[in-house]
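For reference, the chains in residue letters:
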Amino acid sequence: MELSRGVLVTGAGGQLGTALCEQFEAETRVVPLTREEWDVTLPPPPGLPEVDLVLHAAAWTDVDGAEESPQDAAAVNVGGTQHVLELGAPVVLFSTDYVFDGRKGEPYVESDAPSPLATYGRAKLQAEGAAGDDAWIVRTSWLHGWTGTNFVRTMLRLGADGDEVAVVDDQRGSPTYVGHLAAAVRELVDLPRGLWHLSSGGDCTWADFAEAIFEDAELECRVRRVETAELGRPAPRPAYSVLQSERADAPVLPHWRDGLRACLQRLAG
Ligand SMILES: NC(=O)c1ccc[n+]([C@@H]2O[C@H](COP(=O)([O-])OP(=O)(O)OC[C@H]3O[C@@H](n4cnc5c(N)ncnc54)[C@H](OP(=O)(O)O)[C@@H]3O)[C@@H](O)[C@H]2O)c1
């Protein structure tokens, strides 16, 4: 797509927002807006420049916190999406594997019926509805990158401080590196709008992922495999939320192990 007038990124301070800014800055002018510059629960601030594309990466991403504050989560995820649409430019909305209940037991494709288990997934599904057929809706999963708080950075900290960490082994998904996702989004905006599943190749449990992090980072830390129920977290999560695209022309992301290596390299600086 023609991007000569530039790209606006909401949630530009988040881990995906950061990667999207970097990806698109290589090609065009990027207008990065952090929460301080535009709180998306409010209408667009005056004076924003006209752009060819909006990458809407701002979101309420605290899955457990959404159970306690469902209205606040909806104000950001649903209300925020409605405000972004007011800009009148084509929009890429980011959604989640948590729109599925995990009972399918094999990869979820775009035509599978969503059935979220918790408030966060319900709000993201409503956001998809608000974005409508005119947006690219990108469902992705288990994001990690070189900024913010994410599983890779948490494990690196815990693995450096201790010799054992308890990690759940009964949730399976596809860890996805934001750098790889951002490159796939650049490909995607040359393809038709609509619903797309974009996650890394392969799948694993959180415990497998933690072991891979320790192995690749050469940290001597054991993973104690536990069940989700032991952690007593407020929001239920799908036991299986691997995403796959059934669309022949869907951008293909590298395997999650390659994504992990790329993330660790970036973190090593
Ligand atoms: N993280 C995952 O594993 C995952 C998985 C699947 C899908 N997704 C989706 O991918 C997208 C990007 O997620 P991410 O991992 O990059 O999340 P993130 O690192 O938490 O970034 C989200 C950004 O949105 C900002 N934000 C929150 N409320 C806002 C508001 N009212 N107005 C403007 N900005 C606001 C946050 O700012 P503050 O830091 O100031 O709060 C943060 O910079 C989201 O749509 C998320 O639902 C994420």
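Figured I'd write up the structure that's included with this text. (Residues numbered from 1 in each chain as written. Predicted model: local features only at pLDDT ≥ 70, side-chain atom pairs only at ≥ 80, totals over all residues. Heavy atoms only, no water.)

## Section: the nonpolar core
In step 1: The biggest cluster of nonpolar side chains holds 78 residues, and the ones touching the most others in it are Phe24, Leu53, Leu55, Val167 and Phe209.
In step 2: It is helix 7 (residues 206–217) that provides the largest number of residues to this core, a total of seven residues.
In step 3: Setting aside its immediate chain neighbours within four residues, Phe24 contacts Leu3, Val7, Val30, Leu53, Leu55, Ala182, Val185 and Arg186.
In step 4: Counting six residues, the second largest nonpolar core, distinct from the first, contains Val99, Phe100, Tyr108 and Leu243. (Core = buried A, V, L, I, M, F, W, Y, C linked by side-chain atoms within 4.5 Å. Buried < 20%, exposed > 50% of the residue type's maximum accessible area, 1.4 Å probe, protein only. Helix = DSSP H or I, 4+ residues; strand = E, 2+ residues; numbered from the N terminus. Contact = heavy atoms within 4.5 Å.)

## Details of the site of the ligand
In step 1: The full set close to the ligand counts 24 residues, and Leu16, Arg35, Thr61, Tyr120 and Lys124 are the nearest of them.
In step 2: One of the backbone N or O atoms of Gly14 is found 3.0 Å from an oxygen atom in the ligand.
In step 3: The contact in question runs from an oxygen atom of the ligand to an N or O atom on the backbone of Leu16, over 2.9 Å.
In step 4: Notes on the ligand: free accessible area 890 Å², of which the protein chains cover 80%.
In step 5: Taken together, the elements giving at least two residues each to the shell around the ligand come down to helix 1 (15–25), strand 4 (91–96) and helix 4 (119–131).
In step 6: Considering only residue class, the shell around the ligand consists of eleven nonpolar, ten polar and three charged. (Near = heavy atom within 4 Å. Polar contact = N/O pair within 3.5 Å; in protein donor to acceptor, adjacent residues only side chain to side chain. Areas by Shrake-Rupley, 256 points an atom, 1.4 Å probe, with all protein chains shown as cover. Nonpolar A, V, L, I, M, F, W, Y, C, P; charged D, E, K, R; others polar.)

## Regarding the packing of helix 5 (residues 151–161) against helix 9 (residues 256–268)
In a packed pair of helices, the relevant descriptors are the angle between the two axes and the axis-to-axis distance.
In step 1: Closest axis-to-axis distance for the helix 5/helix 9 pair is 11 Å, and the angle between their directions is 65°. The handedness of the crossing between helix 5 and helix 9 is right-handed. Here Val152, Arg153 and Leu156 of helix 5 come into contact with helix 9, specifically with Leu260, Cys263, Leu264 and Leu267.
In step 2: Here the contact of helix 5 with helix 9 is composed, by residue class, of six nonpolar, no polar and one charged. (Axes fitted to C-alpha atoms, helices over the stretch in contact; angles between N-to-C directions. Left-handed = near helix turned anticlockwise from the far one by under 90°.)

## What to know about the environment of Ala183
In step 1: Counting through the fold element by element, Ala183 comes out in helix 6 (residues 178–188).
In step 2: What makes Ala183 partly exposed here is its relative accessible area of 31%.

## A look at the packing of aromatic side chains
In step 1: A full pass over the atoms with the stated rule returns eight aromatic pairs.
In step 2: With 4.1 Å between their ring centres and 15° between their planes, Phe100 and Tyr108 make a pair best called stacked.
In step 3: Judged by centre distance (6.1 Å) and plane angle (55°), the rings of Trp146 and Tyr177 are tilted. Placement of the pair is Trp146 in the loop between strand 6 (143–144) and helix 5 and Tyr177 in strand 9 (residues 176–177), with a sequence separation of 31 residues. Comparing Trp146 with Tyr177, the two get one shared label, buried.
In step 4: Here the aromatic cluster, defined as three or more aromatic residues joined through ring pairs, consists of Trp142, Phe151, Trp206, Phe209 and Trp256. (Phe/Tyr/Trp six-rings, centres within 6.5 Å; stacked < 30°, edge-to-face > 60°.)

## Some thoughts on the packing of helix 7 against helix 9
In step 1: At a minimum axis distance of 11 Å, the contact between helix 7 and helix 9 shows a crossing angle of 45°. What the angle tells us is that helix 7 and helix 9 run oblique. Handedness of the helix 7/helix 9 crossing: right-handed. Residue-level inspection shows Asp208, Phe209, Ala212, Ile213, Glu215, Asp216 and Ala217 of helix 7 in contact with helix 9, the latter providing Trp256, Arg257, Leu260, Arg261 and Leu264.
In step 2: Across the contact of helix 7 with helix 9, the residue classes tally to seven nonpolar, no polar and five charged. (Parallel < 35°, antiparallel > 145°, perpendicular 65-115°, else oblique.)

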